[in-house]
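Given next are the chains, with one letter for each unit.
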Amino acid sequence: MAACQEQLKDRVVMVSGANRGIGLQVARCFQEAGCCLALGARDIEKLEKSGFTPSDRVLLSSYDALVPGSAEKWLEEIKKHFGRIGILVNNAGVYKKVSPESENEDDLDLMWQVNAKGPWKLTRAALPLLRQDGQGRIVNVLSLSARRVKSEGTTGYGMSKFAAMAHHQGVRLAGWDDGVRAIAVCPGFVATDMAVDVMGSMPDRASSPEAIARWIVNAVTMPNDAVVSELSINPNCEAFC
Ligand SMILES: NC(=O)c1ccc[n+]([C@@H]2O[C@H](COP(=O)([O-])OP(=O)(O)OC[C@H]3O[C@@H](n4cnc5c(N)ncnc54)[C@H](OP(=O)(O)O)[C@@H]3O)[C@@H](O)[C@H]2O)c1
């Protein structure tokens with residue numbers, strides 16, 4: 001951990017959906033490792049309530065994947081405040097039940113906007129600064145649902161996460177020559193509000209959001225010539241992806 005902290009000291013980390021769930025733990029873990037934080041959430045007050053105070057090392061910004069120009073505005077604020085970014089964590093996401101026979105196209109469109117287009121827009125806006133870093137990292141928080149569809153109701157969510165996986169693989173190529181490395185993190189059930197949205201109650205033996213955050217922080221410290229591009233993380237309730 002000491003070597004890890006040395007590598008991360010003063011790096012600027014951008015985290016979307018940092019006010020709760022996995023994003024909150026990721027932000028806390030990077031802060032403990034000595035990073036500067038550029039945190040995005042739909043409601044800045046929620047970030048403050050989660051324990052983050054604005055300072056020269058912590059920038060709190062409004063970010064809503066459904067609002068046109070939101071990604072670009074956040075990046076402008078980061079440029080003014082820090083002038084650099086080392087790590088982008090595309091974490092914000094949404095789950096709605098959509099099966100192959102659902103009539104509700106709005107929910108499918110919502111997941112496309114937030115889960116697939118959200119990371120695409122944030123990455124597009126952040127890539128110039130990540131390229132300048134020489135060891136830029138993009139963590140795409142996807143899901144085992146980016147690899148397989150486990151139940152009819154998760155079909156629409158899986159469609160958005162498979163699309164986000166395609167984006168991830170394209171990003172690996174886009175930043176490669178400038179030392180940008182992209183890491184797809186694919187958890188199964190994680191004990192957050194989203195798991196309750198999926199299951200109706202908190203599933204037994206889910207991964208903890210703290211454990212997912214530790215994986216992410218460790219993964220970004222690997223050197224450019226040894227980065228893991230995709231991590232499947234199995235909770236105790238699922239042995240295979
Ligand atoms: N929990 C799981 O079982 C699980 C498993 C695999 C992958 N994941 C993925 O992990 C990531 C984090 O999920 P989580 O479990 O931490 O879920 P969560 O507790 O429900 O948190 C979701 C986060 O995304 C934000 N968000 C939702 N819609 C947004 C929008 N339009 N614009 C910007 N931010 C928005 C939420 O903000 P508000 O607070 O304002 O709503 C919140 O910060 C997601 O990408 C999810 O797909 C979760």
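So, how was this worked out
Residues numbered from 1 in each chain as written. Predicted model: local features only at pLDDT ≥ 70, side-chain atom pairs only at ≥ 80, totals over all residues. Heavy atoms only, no water. UniProt positions renumbered as here; feature names shortened; annotations may be inferred. Near = heavy atom within 4 Å. Polar contact = N/O pair within 3.5 Å; in protein donor to acceptor, adjacent residues only side chain to side chain. Areas by Shrake-Rupley, 256 points an atom, 1.4 Å probe, with all protein chains shown as cover. Helix = DSSP H or I, 4+ residues; strand = E, 2+ residues; numbered from the N terminus. Phe/Tyr/Trp six-rings, centres within 6.5 Å; stacked < 30°, edge-to-face > 60°. Buried < 20%, exposed > 50% of the residue type's maximum accessible area, 1.4 Å probe, protein only. Right-handed = clockwise from strand over helix to strand, strands pointing away. Pairing = 2+ DSSP bridges. Axes fitted to C-alpha atoms, helices over the stretch in contact; angles between N-to-C directions. Parallel < 35°, antiparallel > 145°, perpendicular 65-115°, else oblique. Left-handed = near helix turned anticlockwise from the far one by under 90°. Contact = heavy atoms within 4.5 Å. Nonpolar A, V, L, I, M, F, W, Y, C, P; charged D, E, K, R; others polar. Core = buried A, V, L, I, M, F, W, Y, C linked by side-chain atoms within 4.5 Å.

In the annotation of an unreviewed UniProt entry, the protein chain is listed under the name SDR family NAD(P)-dependent oxidoreductase and assigned to Parendozoicomonas callyspongiae. Looking at the protein chain in UniProt, the text filed under Sequence similarities (unreviewed entry) is "Belongs to the short-chain dehydrogenases/reductases (SDR) family."

## What about the site of the ligand?
In the neighbourhood of the ligand, 28 residues make up the surrounding shell, with N19, R20, R42, Y157 and T192 lying closest. The contact in question runs from an oxygen atom of the ligand to an N or O atom on the side chain of K46, over 3.4 Å. Here the ligand, which alone exposes 900 Å², has 96% of that area covered by the protein. Counting residues per element, the ones that place at least two in the shell around the ligand are helix 2 (21-32), helix 6 (155-175) and helix 7 (193-199).

## Some remarks on the packing of aromatic side chains
Each aromatic ring pair is summarised here by two numbers: the centre-to-centre distance and the angle between the ring planes. Under the criterion given, the structure shown has 2 aromatic pairs. Taking 5.3 Å as the distance between ring centres and 35 degrees as the angle between the ring planes, the aromatic pair formed by Y63 and W74 counts as tilted. Residue Y63 is found in the loop between strand 3 (58-62) and helix 4 (70-81), and its partner W74 is found in helix 4; the two are separated by 11 residues along the sequence. With respect to class, Y63 is no different from W74; both count as buried. Measuring from centroid to centroid gives 5.4 Å for Y95 and Y157, while their planes differ by 70 degrees, and the two rings are edge-to-face. In this pair, Y95 sits in the loop between strand 4 (87-90) and helix 5 (105-133) while Y157 sits in helix 6, placing the two residues 62 residues apart along the sequence. Neither residue differs from the other here; Y95 and Y157 are each classed as buried.

## Some thoughts on the pairing of strand 2 (residues 36-41)
Both faces of the sheet carry side chains from a regular strand, because those side chains alternate between them. The element strand 2 is extensively covered by neighbouring structure, given that 6 of its 6 residues are classed as buried. A crossover links strand 1 (residues 12-16) with its parallel partner strand 2, the connecting element being helix 2, and its sense is right-handed. Relative to strand 3, strand 2 is paired through 5 bridges, and the arrangement is parallel. Bridge pairing in strand 3 links A41 to S62.

## With respect to the packing of helix 5 against helix 6
Where helix 5 contacts helix 6, the two axes come as close as 8 Å, and the packing angle between them is 15 degrees. On the basis of the axis angle, helix 5 is roughly parallel to helix 6. Crossing of helix 5 over helix 6 shows right-handed handedness. Residues L108, M111, W112, N115, A116, P119, W120, T123, L127 and R131 of helix 5 lie in contact with helix 6, whose contacting residues are G156, Y157, M159, S160, K161, A163, A164, H167, V171, A174 and G175. The class makeup of the residues in the contact of helix 5 with helix 6 is 13 nonpolar, 6 polar and 2 charged.

## Details of the nonpolar core
Formed by 34 residues in total, the largest nonpolar core has its most connected members in F30, L39, F52 and V89. Top element by residues in this core is helix 2. It accounts for 6 residues. Residue contacts for F30: discarding those within four places in its chain leaves L8, V13, C35, L37, I87, V89, I216, V217 and V220.

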